[in-house]
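# Descriptive structure summary
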Amino acid sequence: MRRGGLVVLVLPSVLYLVVMFVYPFGYGVFLSLHPAKGASGASLANYFGFFGDPWQLRTIAVTASIAVPNTIVTVLLALAVAYAMRRGIWAERAITTLLVLPIALGTVLVAEGINGFYGPKGWLNQLLQLAGVADLPRLTHNYTGVMIALFVQHFPFCFLMLLGYISGIDPALESSARVLGARPWVVFRRVMWPLIAPGAAIAFALVFVMNFGVFPSAVLVGQPAGATRTIAIAAYQQAFEHYDMSMASAIAVVMGLCQLLGLAIVVALRGRLAATGVATVGAGKR
Amino acid sequence: MRGRVWRLVVFVFIVGFTLNLVGIVSHVAVSSLARRWFATPLPGAFTTEWYAYAWHEFQLPQVLTVTATVAASVTALALLLGFPAAYVLARRGFRAKNAVLLLYFLPLLIPQMTYGIPLATSLYRYRIGGTVAGVILANLVPMLPLAIFVLLPFVEQISESLEWAARVHGAGRWQVFRRVVLPLALPGLLTAGLLVLVNTVANFELTFLLSGAGSQTLVVALYYAVFAAGMRPIYSVDAMAVIYMGIVLLILVAALRFVRPTQMVFRLGGK
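Just so we're clear, the structure is a prediction, and the values are computed from it rather than from any experiment. (Residues numbered from 1 in each chain as written. Chains lettered and ligands numbered in written order. Predicted model: local features only at pLDDT ≥ 70, side-chain atom pairs only at ≥ 80, totals over all residues.)

The next subject is the overall build of chain B. Regarding its fold elements, chain B presents eleven helices and zero strands. What you see in chain B, going N to C, is helices and strands ordered as α-α-α-α-α-α-α-α-α-α-α. Summarising the internal contacts of chain B: among those between residues at least 6 apart in sequence, 76% fall at separations of at least 24. (Helix = DSSP H or I, 4+ residues; strand = E, 2+ residues; numbered from the N terminus. Contact = placed C-beta atoms within 7 Å.)

For the rest of this paragraph, the subject is the domain arrangement of chain B. Residues and elements named next belong to chain B. When cut into domains, chain B gives domain 1 (1-47) and domain 2 (52-264). Relative to domain 2, the C-alpha centre of domain 1 lies at a distance of 31 Å. Contacts between the two partners involve five residues from domain 1 and, on the opposite side, six residues from domain 2. Of the residues in the side of domain 1 that touches domain 2, the class split is three nonpolar, two polar and no charged. (Domains from an automatic or database assignment. Nonpolar A, V, L, I, M, F, W, Y, C, P; charged D, E, K, R; others polar.)

On the side of chain B, 67 residues touch chain A, which itself brings 80 residues to the contact. Looking at the side of chain A that touches chain B element by element, the count peaks at 13 residues for helix α2 (residues 11-32) of chain A. Across the side of chain A that touches chain B, the residue classes tally to 59 nonpolar, 17 polar and four charged.

What follows deals with the nonpolar core. Core analysis: the largest hydrophobic core is formed by 171 residues, its most contacted members being L162(A), A235(A), I251(A), V198(B) and L222(B). The element that contributes the greatest number of residues to this core is helix α6 (residues 132-157) of chain B, accounting for 17 residues. The residue makeup of this core includes at least three contributed by each of domain 1 (1-47) and domain 2 (52-264) of chain B. Once residues lying within four places of it in the same chain are set aside, the contact partners of L162(A) are A78(A), L79(A), A82(A), G199(A), A200(A) and A203(A). (Core = buried A, V, L, I, M, F, W, Y, C linked by C-beta atoms within 7 Å. Buried ≥ 20, exposed ≤ 12 C-beta atoms within 10 Å, placed from the backbone.)

Although it is not a glycine, Y243(A) adopts a positive phi angle of roughly 50°. Within the secondary structure, Y243(A) is located in the loop between α12 (231-240) and α13 (245-276). Backbone geometry at A39(B) places phi at a positive 55°, although glycine is not the residue there. One can find A39(B) in the loop between α1 (2-32) and α2 (49-57). A residue is classified by how many C-beta atoms lie within 10 Å of it, and A39(B), with 10 of them, is exposed.

Our next topic: the environment of T75(B). All names here are of chain B. Relative to the helices and strands, T75 resides in helix α3 (residues 60-91). For T75, a count of 24 C-beta atoms within 10 Å puts it in the buried group. For the pair formed by T75 and A192, sequence separation is 117 residues and the distance between their alpha carbons is 8.6 Å. Setting aside chain neighbours within four positions, we find T75 in contact with G193, V196, L197 and T200.

The next thing to look at is helix α6 (residues 107-117) of chain A. Side chains three or four residues apart in an α-helix point the same way, a direct result of the helix having 3.6 residues per turn. In terms of burial, α6(A) is largely enclosed, as eleven of its eleven residues are buried. Those residues of α6(A) that sit buried are T107(A), V108(A), L109(A), V110(A), A111(A), E112(A), G113(A), I114(A), N115(A), G116(A) and F117(A).

A few words now on the packing of helix α10 (residues 218-227) of chain B against helix α11 (residues 234-256) of chain B. Residues and elements named next belong to chain B. Viewed as axis vectors pointing N to C, α10 and α11 meet at an angle of 160°, and their least axial separation amounts to 10 Å. Between α10 and α11, the angle falls in the class roughly antiparallel. Seen from above, α10 lies across α11 with left-handed handedness. For the pair formed by α10 and α11, the contact residues are L218, V219, L222, A225 and V226 on the first element and V237, M240, A241 and Y244 on the second. (Axes fitted to C-alpha atoms, helices over the stretch in contact; angles between N-to-C directions. Parallel < 35°, antiparallel > 145°, perpendicular 65-115°, else oblique. Left-handed = near helix turned anticlockwise from the far one by under 90°.)

We now examine the packing of α3(B) against helix α8 (residues 173-202) of chain B. All names here are of chain B. Two numbers describe how α3 lies on α8: the axes approach to 9 Å, and their chain directions differ by 140°. One element, α3, and the other, α8, form an angle in the oblique class. For the element pair α3 and α8, the recorded crossing hand is right-handed. Facing α3, whose interface residues are T67, V70, A71, V74, T75, A78, L79 and F83, α8 presents L189, A192, G193, V196, L197, T200 and V201. Its residues placed into classes, the contact of α3 with α8 shows eleven nonpolar, four polar and no charged.

Further remarks concern the confidence of the model for chain B. Put simply, chain B has an average pLDDT of 91, and 97% of its residues get 70 or more. Confidence, read as mean pLDDT per element, is least for α1(B) in chain B (89) and greatest for α3(B) (96). (pLDDT = per-residue confidence, 0-100.)

As C-alpha cells, this is what we get:
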C-alpha cells in the first residue's frame, strides 16, 4: 500500500505529457485525416494532395538533400575529433566550453552571425579577397548557407555527445590491445569501433532527426522560397499562412514518418555493424 | 609519424572551427557598435546608439518582461512537477516504469517542429495559443523531461539510509522531505533549474509557433527582426542579438559552474 502510494508522485508529470504531448499528436493525426473542405468522413485527401503536388513533394527531396549529407559529414568529423581527444588534450575545458556556445545560443543567433561573418561583405570574403581569390563564393542565402548553419550547430552537439561516450570506455581495453602488438588502426577497427558503434548510431540518428526538422536556419540563411524550402517550412506555411491546420497536420505527420524512416535505417544498419564487431566484452562504462 | 600527422590535422580542424565560432559571434558584436560598416575589416566609427534604438524600436522592455515571465514560470513548474517524478524514478521500480521513461524521452527526441504544429493547433483551438500562458505550457513539454533527467542522478546519489535514519528518529514523511531530501537535492535542483532556464530562453520553435503579438520572447523577436532584415538598420538587429547573447551567456556561465560542457547534451547510453 505504502509502496504504491509513493508512485502516485509521477502522475502529475505523466498526466501533463499525456495531455500536452500524446493528445495533440493523436489530434494532429485525426485532423490530417479530416480535410478542411469536402468529405465529412475520414479521407486521405490531404496526403494525396501533398504527394500529388510537385511543389510540396519536392520539399522531401530538398530536406533530404540537406539532412543526409550534413548528418554524414557531421558525425564522421565529430567521431574523428572525439576519438583523437579521447585521452584529453591541451585546453580541453576551454575548447569544450567554447563548443557549447552555439548549442546554448540557438539557431537564430547563429544564423544572424553567419549572415554577417560568411556574408558577401563579411570577414571571410574579405580574407579570401586579400588572399587573391578572384571569384568570391556566395555562402549565405542559399543551400551552402544552410549547410554551414547546421554544421556549426550540430557538430558541437554530436562531438560533445561522442566525447562523453568514448571517454567512458575503459582505457585498459585499448592498452591491452597495444601491449599485444595491435597497431593504432587495428586497435580502432577491432577494439574501439565495436564499442563506439552503438553511441555513433544514436548520435547519427539524433543529428539526422534534428537536421530533417530544420526550420529557422533554412529561412534565415537559406532561400526559403526555393532551394531550401524544407518540409518544416511547408508545414508552417500551411498552418500560419493558409490557416489550413488539417493540411499542416498532414505535412507534420509526413515529416515525422520521414524521420522515423531515417531512424529505422540507422537501426537496421546498426544490426549489421554489430555483426562485424569482434570485441563486445566489457562494453562502455556508462 | 602517421599518428603525429593525424593529430596535427585534428588540431588544425579544432582551431579552425573555434576561430569560425569566434568570428560568427564577434561579427555580431562589432556590427552592433558600428556607425556604418561596409566591406572593411572594421567599421570606421563606433557608436552605442543602436542599443537605445533597438530598445525602443523592438519594444524590448515588453519583450524582456515576457521572456522573464516565461523562463521563470517554466523553470518553477518543471522543477515542481519534475522533482517528485525524479524522486520516484530513482527510488522505486514499478511495472510501467519503462513506458513512463519512454514518455519522458519522446519530447526530447522528437524535433519540436514535428510535434509543435499539432500542439499549436490544439492550443489555438482552446484559445490558449498566442498567449503567454500558451507559450509557458508548450515550453514545459520538453523542459519537464529535461528537468527530470538532470535531477535523476542527483537524487540517486542521496543515500536512502539517511531517510531511514530520520524515520527511525521519529521524523514524519514531510519532515524527512523538508529536512533531509530537499537540502541534499539542492545542487541538483540548482543545476536542473539553470539548464531549464537557459534552454527556455534560447528555445525557438515551440515559442515561435505559440506566440502572438504580445507574447513573443526575445529569441522570437530576434527571429522576426532578422527575417525582416532591411526594414530596420542591421546594426540595431545586431544590438538586439547582443542583448540576447548577454542574457544567455550570463545563465550559461552560472550553469557551467555546476556541470561539465559534455553534460549539456544527451547522456548517451544512460538510462
